[in-house]
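Tertiary structure, described
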Amino acid sequence: MSTPKKFVLLGATGSIGASTLRVLRKHSDKLQLIGVSANSRARELADIVDEFDVAHAHLNRKIDDMPNFREGTNLTFEAEALDHLAAHPEAEIVVVALVGAAGLRPTLAALEAGKKVVLANKESLVVGGQLITETARRTGGQIIPADSEHNAVFQCTMGQPTNSLDSIILTASGGAFRDLPVGELKNVTLKQALNHPNWLMGPKVTIDSATMANKGLELIEAHWLFGLAPEKLEAVIHPPSIVHAFVRFVDGCCFAQLSPPSMTFALQNSLLHPKRFPGVEPTLDFSDPLDLSFSPPCLDRYPCLKLAQQALQEGGSAPLVFNAANELAVEAFQMNRIGFIQISSIIESSLSIMEPCNPKSLNELLDHDQRVRRLASERINSLSD
Ligand code: NAD
Ligand code: MG
């Protein structure tokens, strides 16, 4: 029997973190968790350290009532320590499961150290796709997409000649308001937006699914992962979330990957790639009727998707602006400072006000990100006064 692969899990206390731990419980003979991180949920982080006997833990923010961590745990708090954990010499794999542009630095640190990065954090590719892909090429680090749609494409393209790929179609559930009359979107509440029809996910990605900003971010993510031009990347509404993506090859044949709407399938595939083992949960049962319906998204209902497509087409700093404005707008919506339909107006005004530019280095990207956030928060303040 081979020795378990050592891995680090950044964002261990979140939804992707929990699904990763389910895969680990099932395959503890093949994987060993050596480091974990969280933002502020110290108690949950301490429990994970206990359960899996983890050596290194990083917490972004110390809380007043800090729990005791298992004796001997190397517990860190400084921002640089997160980068060190992502580049830990003993780790073969780094799962990046934290949310937002905060994923950019540790993703780069892991790739700089030549790691295999299981990437759930799509925002890092949206903000720094060029830098990330160039870093991976230079160091030999590998990016394995864990986002379910991109993992589906990864599986469908495995073993196919790279020049045989024609286009990619990502599926989307349509989110919480798929069937609501467009005129009623102005009245929806946070509670309603968090009520996703199929997936159980963290709050930010659930709201992003309701606006379809999520699919927009994923189209940009796919551009960097699979090297296709914007017009070769499509999104289609598929309410049951069973088909995760289609790959169209140059000869006109389409491949798809199907599994139930749970992230354990994509995460297990990414962590144990290229081998396959029994999964954590039951898979599809074809003796039950299966709904395989698809329809194009209505852009009047989903203006965030249209803005993301425009940002992808424009390139340069536009995807970064889209992402930063969206992160701030979603936060403001969660704090009840703006309404649901104002999320797209904040993104739109940020995209039209920010001068196009082409930040390349990590510092330039982070500086520009901060500039967009300042602008978007002024706009939010003016709306919520
Ligand atoms: P979540 O909110 O449930 O968890 C986020 C994790 O990141 C938590 O552990 C939190 O402590 C940590 N974190 C938050 N802010 C941080 C910061 N500033 N610095 C360091 N750590 C921080 O989110 P999630 O739903 O698990 O999503 C994580 C990422 O995976 C997102 O980029 C999301 O788009 C992507 N994703 C999620 C799903 C899903 O099913 N949840 C599916 C595909 C992709
Ligand atoms: Mg996805």
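Throughout what follows, the structure given in this document is the object of discussion. All of these numbers come straight from a predicted model, not from anything done at the bench. (Residues numbered from 1 in each chain as written. Chains lettered and ligands numbered in written order. Predicted model: local features only at pLDDT ≥ 70, side-chain atom pairs only at ≥ 80, totals over all residues. Heavy atoms only, no water.)

**Quick notes on the environment of Met263**
Relative to the assigned elements, Met263 resides in the loop between strand S11 (254-258) and helix H10 (264-272). Accessibility expressed as a relative area gives 13% for Met263, which makes it buried. Setting aside anything within four residues of it in sequence, one finds Met263 in contact with Ile16, Ser19, Ala146, Asp147, Ser148 and Trp199. (Helix = DSSP H or I, 4+ residues; strand = E, 2+ residues; numbered from the N terminus. Buried < 20%, exposed > 50% of the residue type's maximum accessible area, 1.4 Å probe, protein only. Contact = heavy atoms within 4.5 Å.)

**What about the coordination of the magnesium ion (ligand 2)?**
Only Asp147 (OD), Glu149 (OE) and Glu218 (OE) from the protein reach the magnesium ion (ligand 2) as donors, at distances of 2.1 to 2.2 Å. Along the chain, the residues donating to the magnesium ion (ligand 2) fall in the pattern D-x1-E-x68-E. Pair noted here: Glu149 is in helix H6 (residues 148-157) and Glu218 is in helix H9 (residues 213-226), with a separation of 69 residues, a long-range link. (Donors = N, O, S within 2.8 Å, 3.2 Å for Na, K, Ca; no water.)

**Brief notes about the nonpolar core**
Counting 81 residues, the largest nonpolar core has Leu10, Phe322, Ile338, Phe340, Ile343, Ile347 and Leu351 as the members making the most contacts within it. Sorting elements by how many residues they give to this core places helix H12 (residues 318-334) first, with eleven residues. Beyond its immediate sequence surroundings of up to four residues, Ile338 is in contact with Ala329, Ala332, Phe333, Ile343, Ile346, Ile380 and Leu383. Counting 35 residues, the second largest nonpolar core, distinct from the first, contains Leu9, Ile16, Ala38 and Ala146. (Core = buried A, V, L, I, M, F, W, Y, C linked by side-chain atoms within 4.5 Å.)

**Details of unusual backbone geometry**
Across the chain, the bulk of peptide bonds are trans and the bulk of non-glycine residues have phi less than zero. In this model, His273 is joined to Pro274 through a cis peptide bond whose omega is 10°. Note on placement: Pro274 falls in the loop between H10 and helix H11 (303-314). With a phi angle near 55°, Asp53 is a residue other than glycine that sits in the positive phi range. For Met212, which is not a glycine, the phi torsion comes out positive at approximately 65°. Structurally, Met212 is set in the loop between helix H8 (203-211) and H9.

**Observations concerning empty space enclosed by the protein**
It is the rolling of a water-molecule-sized probe over the atoms that shows where space remains empty. For the structure shown, the criterion picks out one cavity of 30 Å³ or more. In this model, the largest cavity occupies a volume close to 40 Å³. Forming the walls of the largest cavity are Ser148, Asn151, His244, Gln257, Ser259, Ser262, Phe265 and Ala266. Contributions of two or more residues to the lining of the largest cavity are made by H6 and H10. Here the lining of the largest cavity is composed, by residue class, of two nonpolar, six polar and no charged. (1 Å grid on protein atoms, 1.4 Å probe; cavity = no way out; pocket = protein on both sides within 12 Å on 5 of 7 lines; lining within 4 Å. Points joined across faces, edges and corners; volume = space filled by probe spheres on them. Nonpolar A, V, L, I, M, F, W, Y, C, P; charged D, E, K, R; others polar.)

**Considerations on the packing of aromatic side chains**
Two measures describe an aromatic ring pair: the distance that separates the ring centres and the angle between the ring planes. Applying the stated criterion across every chain yields a total of four aromatic pairs. When the ring of Phe249 is compared with that of Phe255, the centres are 4.9 Å apart and the planes differ by 70°; the resulting orientation is edge-to-face. Residue classification places Phe249 among the buried residues on the basis of a relative accessible area of 6%. On the basis of an interplanar angle of 65° and a centroid distance of 5.7 Å, the ring pair of Phe333 and Phe340 is categorised as edge-to-face. With relative accessibility at 4%, the residue Phe333 sits in the buried group. The rings of Phe177, Phe333 and Phe340 are connected pair by pair, giving a single aromatic cluster. (Phe/Tyr/Trp six-rings, centres within 6.5 Å; stacked < 30°, edge-to-face > 60°.)

**As for the layout of surface pockets**
Empty space within the second largest pocket amounts to approximately 510 Å³. Lining the second largest pocket are 21 residues, and of these Phe154, Thr157, Thr162, Leu225 and Phe226 lie nearest its centre. Contributing elements (two or more residues each) for the lining of the second largest pocket: helix H5 (122-139), strand S7 (142-145), H6 and H9. When the residues that make up the lining of the second largest pocket are grouped by side-chain class, the tally is twelve nonpolar, eight polar and one charged.

**Describing the side chain of His368**
Positionally, His368 belongs in helix H14 (residues 362-384). Aside from chain neighbours lying at most four places away, what touches His368 is Ser317, Leu320, Val321, Met354, Glu355, Cys357 and Pro359.

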